Amino acid sequence: QVQLVESGGGLVRAGGSLRLSCGASGLTFSSYVMGWFRQAPGKEREFVVCITADGDTTMTTDSMKGRFTISRDNAKKMVYLQMNSLQPGDTAVYYCAATPRLASRAVDYHYWGQGIQVTVSS
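Residues numbered from 1 in each chain as written. Predicted model: local features only at pLDDT ≥ 70, side-chain atom pairs only at ≥ 80, totals over all residues. Heavy atoms only, no water.

Quick notes on the state of the cysteines
(1) Moving on: Overall, the coordinates contain 1 disulfide when judged by the stated rule.
(2) Moving on: Between Cys-22 and Cys-96 runs a disulfide, and the two sulfur atoms are separated by 1.9 Å. Placement of Cys-22 in strand 3 (residues 18-25) and of Cys-96 in strand 9 (residues 92-99) is noted, with a sequence separation of 74 residues between them.
(3) Moving on: With a relative accessible area of 1%, Cys-22 lands in the buried category. (Disulfide = S-S within 2.5 Å. Helix = DSSP H or I, 4+ residues; strand = E, 2+ residues; numbered from the N terminus. Buried < 20%, exposed > 50% of the residue type's maximum accessible area, 1.4 Å probe, protein only.)

Here it is in structure tokens:
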């Protein structure tokens, strides 16, 4: 059974930073692209960033570039999301997810974590 478990969320003031972690089990972690998505109340799930199985390539959107950085440790079966210069608009539930191929659409991801809340106060 595949499990993805996020940790590291919480409350932070605007301008602050947080580092999310996601631990994986039940899958060949080093064979999967890992991604982070987020979903704010009343909004659709939004792609944040993803990283290839070997960790060599990342993909993100222009709005996320420069503030959100993804990394992974295949030996530990962990993926991380470093978030800097956080703003209230970044408040959302953040999800890690796994897919066999590089993708930015949620529908292309096979496995999902339960999500973790990130709240940015002004």
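Now, onward.
Topic: the environment of Ile-70
(1) Moving on: As for its placement among the helices and strands, Ile-70 is situated in strand 7 (residues 68-73).
(2) Moving on: Distance in space between the C-alpha atoms of Ile-70 and Gly-10 is 18 Å, their sequence separation being 60 residues.
(3) Moving on: What Ile-70 contacts, discounting residues up to four positions off in sequence, is Met-34, Gly-35, Trp-36, Val-49, Cys-50, Ile-51, Thr-58, Val-79 and Tyr-80. (Contact = heavy atoms within 4.5 Å.)

A look at the sheet that holds strand 7
(1) Moving on: Here 4 strands make up an open sheet; going across it, the order is 1-3-8-7 and the pairing antiparallel. A single partner strand is all that each edge strand has here, and the edge strands are strand 1 (3-7) and strand 7. Looking at each pair of strands side by side, their axes are set apart by 15° on average, direction ignored. (Pairing = 2+ DSSP bridges. Axes fitted to C-alpha atoms, helices over the stretch in contact; angles between N-to-C directions.)

Focus: the side chain of Thr-91
(1) Moving on: Among the secondary structure elements, Thr-91 is positioned in the loop between strand 8 (78-83) and strand 9.
(2) Moving on: A distance of 3.0 Å separates a polar side-chain atom of Thr-91 from the backbone oxygen of Pro-88.
(3) Moving on: If sequence neighbours within four positions are ignored, Thr-91 has contacts with Ala-40, Gln-117, Val-118, Thr-119 and Val-120. (Polar contact = N/O pair within 3.5 Å; in protein donor to acceptor, adjacent residues only side chain to side chain.)

Some details on the side chain of Arg-38
(1) Moving on: Along the chain, Arg-38 turns up in strand 4 (residues 33-39).
(2) Moving on: Separated by 2.8 Å, the side chains of Arg-38 and Asp-90 make a polar contact.
(3) Moving on: Here the side chain of Arg-38 touches Tyr-94 through a polar contact of 3.0 Å, side chain to side chain.
(4) Moving on: Filtering out sequence-adjacent residues up to four positions away, Arg-38 remains in contact with Glu-44, Arg-45, Glu-46, Val-48, Met-64, Phe-68, Gly-89, Asp-90, Ala-92, Val-93 and Tyr-94.

With respect to the pattern of salt bridges
When the charged atoms of two side chains with opposite charge come close together, those side chains can pair.
(1) Moving on: All told, the structure shown has 5 salt bridges when counted by the stated rule.
(2) Moving on: Close ionic contact of Asp-62 with Lys-65 constitutes a salt bridge, the shortest N to O distance being 3.6 Å.
(3) Moving on: Residue class for Lys-65 comes out exposed when judged on its relative accessible area of 54%.
(4) Moving on: Sharing partners across several salt bridges, the network here consists of Arg-38, Glu-46, Arg-67 and Asp-90. (Salt bridge = Lys/Arg side-chain N within 4 Å of Asp/Glu carboxyl O.)

The values are spatial; any link to function lies outside them.
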